[in-house]
Amino acid sequence: MLTPASASGVSHWSPTVSAPELQAVSAADTAILKVMTENDAPRRAAGRPRDESIDERVLAVTRELLLEVGWDDLSVRLVATRAGVGRASLTRRWPSKAELVLHAILGESPDLTPFSGTDLNGWIDWVVRGSHQLFSRPDVHAAVPGLLLALRENEVLRTTLWENFSGPAIALYAEHVDATTRAQRRRTELDSRAVLVLAAGAALFVTTVATDDDSAALLRRVTELLTAAVQGRPD
């Protein structure tokens, strides 16, 4: 943040000049500053656009290395070397390994395409199936243990992740529910959060612990139970 010079505590030398001289200097300075501002402003505003191809290469390399070396041996330095980019550039974009890995496996924002044209039952079905597909991916499976620890220790990252990826889905859920009162809207939001937590929790558990029970039949039953719970909710 820029602050006026007077607020910075810096003293300025002020020579004694006459009023006409002061006016002339002031007018000249104003003209010079105007030219400098007009010349420099476009360059500052434009800046250098980020090369999306570099981002894509870095994220692809991150996913590859998760499979090759796992979370523990993965480092920002290793990703930078494999991707052929500077480590400083990488850390400016992703300040930590956890943020880099999250972006690599989840993307910058949630993909809402599967929700297009669905009703409330379709919303529940995709939340269950989508969660299971995510946690079944080999790169995600490799990242989960380390990410859970990193998220537990980083409240800001944890909160941002949940808000960014639950918010859009919650808004879509609300579109399918006729909630007119404030209490109904609060209940609708709570219900959508509950379904997200249950679906994601079930997917994580069945792909990491209860792997012998990981089946299409179990997935369908989870969807049926959540759908019945939502449809039978008291107002």
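Quantities reported herein were computed from a predicted structural model and do not represent experimental measurements.

The rules behind each value
- The written sequence of each chain sets the order in which its residues are numbered from 1.
- Under the rules for a predicted model, residues below a pLDDT of 70 receive no local features and side-chain atom pairs below 80 are neither given nor counted, while totals for whole chains, interfaces and linings still include all residues.
- Based on all heavy atoms of the structure, the side-chain values leave hydrogens and waters out of the count.
- Helical segments are the DSSP runs of H or I of at least four residues, strand segments are the runs of E of at least two, and each set is numbered from the N terminus.
- Each residue's exposure class comes from its accessible area (1.4 Å probe, protein chains only) as a fraction of the maximum for that residue type: buried when under 20%, exposed when over 50%, partly exposed otherwise.
- Whether two residues are in contact is decided by their heavy atoms: any pair within 4.5 Å suffices.
- Working definition of accessibility: Shrake-Rupley area with a 1.4 Å probe, residue cover restricted to the visible protein chains.
- To obtain each axis, a line is fitted to C-alpha atoms, and for helices this fit is confined to the stretch in contact; angles are then taken between N-to-C directions over 0 to 180 degrees.
- Note on angle classes: values under 35 degrees are labelled roughly parallel, values over 145 roughly antiparallel, values of 65 to 115 roughly perpendicular, and the remainder oblique.
- Crossings are assigned a handedness: left-handed for a near helix turned anticlockwise from the far helix by less than a right angle, right-handed for a clockwise turn.
- Under the grouping applied here, Gly and all other residues not named as nonpolar or charged are polar, the nonpolar ones being Ala, Val, Leu, Ile, Met, Phe, Trp, Tyr, Cys and Pro and the charged ones Asp, Glu, Lys and Arg.
- Aromatic rings from Phe, Tyr and Trp, with only the six-membered ring used for Trp, were paired whenever their centres fell within 6.5 Å, and each pair was classed as stacked if the ring planes differed by under 30 degrees, edge-to-face if by over 60, and tilted otherwise.
- Throughout this description, the term charge over a ring refers to an Arg CZ or Lys NZ atom that lies within 6 Å of the ring centre and within 35 degrees of the ring normal.
- A pocket, in this scheme, is an open set of points on a 1 Å grid over the protein atoms alone with protein on both sides within 12 Å along at least 5 of 7 lines, while a cavity is a set where a 1.4 Å probe fits but cannot get out; residues line either one if an atom lies within 4 Å of a point.
- Grid points are joined across faces, edges and corners, and a volume is the space filled by probe spheres set on the points.
- The span one expects for a helix is its residue count, reduced by one, times 1.5 Å.
- Here the bend at a residue is taken as the angle between two axes, fitted respectively to the seven residues that end there and the seven that start there.
- Here a polar contact means two N or O atoms within 3.5 Å. Within protein one must be a hydrogen donor candidate and the other an acceptor candidate, and residues neighboring in sequence count only if both atoms are side-chain atoms.

J.: Describe the overall build of the protein chain, listing the residues and the values that go with them.
T.: Along the protein chain, the regular secondary structure elements total 10 helices and 0 strands. Mapped in sequence order, the helices and strands of the protein chain form the string α-α-α-α-α-α-α-α-α-α. For the protein chain, buried positions account for 28% of its 235 residues. Taking the intrachain contacts of the protein chain between residues at least 6 apart in sequence as the baseline, contacts between residues at least 24 apart amount to 69%. As displayed, the protein chain offers around 15,400 Å² of accessible surface, 57% of which is attributable to carbon and sulfur atoms.

J.: Please give an account of the packing of helix 9 (residues 182–208) against helix 10 (residues 216–231) that cites residues and values.
T.: Running from amino to carboxyl end, helix 9 crosses helix 10 at an angle of 165°, the nearest separation of the two axes being 11 Å. The angle between helix 9 and helix 10 falls in the class roughly antiparallel. By crossing handedness, the relation of helix 9 to helix 10 is classed as right-handed. In this structure, helix 9 uses Val 195, Leu 198, Ala 199 and Val 206 to contact helix 10, whose residues at the interface are Leu 218, Leu 226 and Val 230. The residue makeup of the contact of helix 9 with helix 10, split by class, is 7 nonpolar, no polar and no charged.

J.: Break down the packing of aromatic side chains for me, citing the residues and quoting the values.
T.: For the coordinates displayed, the defined rule picks out 2 aromatic pairs. Seen in terms of ring centroids, Phe 115 and Trp 123 are 6.1 Å apart; in terms of plane orientation they differ by 35°. Their pairing is tilted. Relative to Tyr 173, the ring of Trp 123 lies with its centre 4.8 Å away and its plane at 70°, an arrangement referred to as edge-to-face. Residue Trp 123 is located in helix 6 (residues 120–136), and its partner Tyr 173 is located in helix 8 (residues 155–175); the two are separated by 50 residues in the primary sequence. Among the residues examined, Tyr 173 registers a relative accessible area of 0% and is labelled buried. An aromatic cluster of three or more residues is present, and its members are Phe 115, Trp 123 and Tyr 173. Stacked on the ring of Trp 71, the Lys or Arg Lys 97 has its end atom at 4.3 Å from the ring centre.

J.: Can you explain the layout of surface pockets? Please cite residues and give values.
T.: Any empty space left between atoms is shown by rolling a water-sized probe over those atoms. There is about 1,200 Å³ of room inside the largest pocket. Elements with a minimum of two residues in the lining of the largest pocket: helix 5 (97–106), helix 6, helix 7 (138–153), helix 8 and helix 9. It is helix 6 that provides the largest number of residues to the lining of the largest pocket, a total of 7 residues. Among the residues forming the lining of the largest pocket, the class breakdown is 24 nonpolar, 6 polar and 4 charged.

J.: With reference to specific residues and values, describe helix 8.
T.: Helix length check: helix 8, at 21 residues, gives a terminal C-alpha distance of 30 Å against a target of 30 Å (1.5 Å per residue), a fit within 8%. A bend of about 35° at Ser 166 is the largest found in helix 8, and the proline Pro 168 appears one to four places after it. On its buried side, helix 8 packs onto helix 5, helix 6, helix 7, helix 9 and helix 10. Near the N-terminus of helix 8, the side chain that reaches the backbone nitrogen of Val 156, with its oxygen 3.3 Å away, is that of Asn 154.

J.: Residue-level account of the packing of helix 6 against helix 10, with values.
T.: With their axes 10 Å apart at the nearest point, helix 6 and helix 10 run at an angle of 145° to one another. The interaxial crossing formed by helix 6 with helix 10 has right-handed handedness. Residues Leu 120, Asn 121, Ile 124, Asp 125, Val 128, Arg 129 and His 132 of helix 6 pack against Leu 219, Val 222, Thr 223, Leu 226, Thr 227, Val 230 and Gln 231 of helix 10. Classifying every residue of the contact of helix 6 with helix 10 gives 7 nonpolar, 5 polar and 2 charged.

The values are spatial; any link to function lies outside them.
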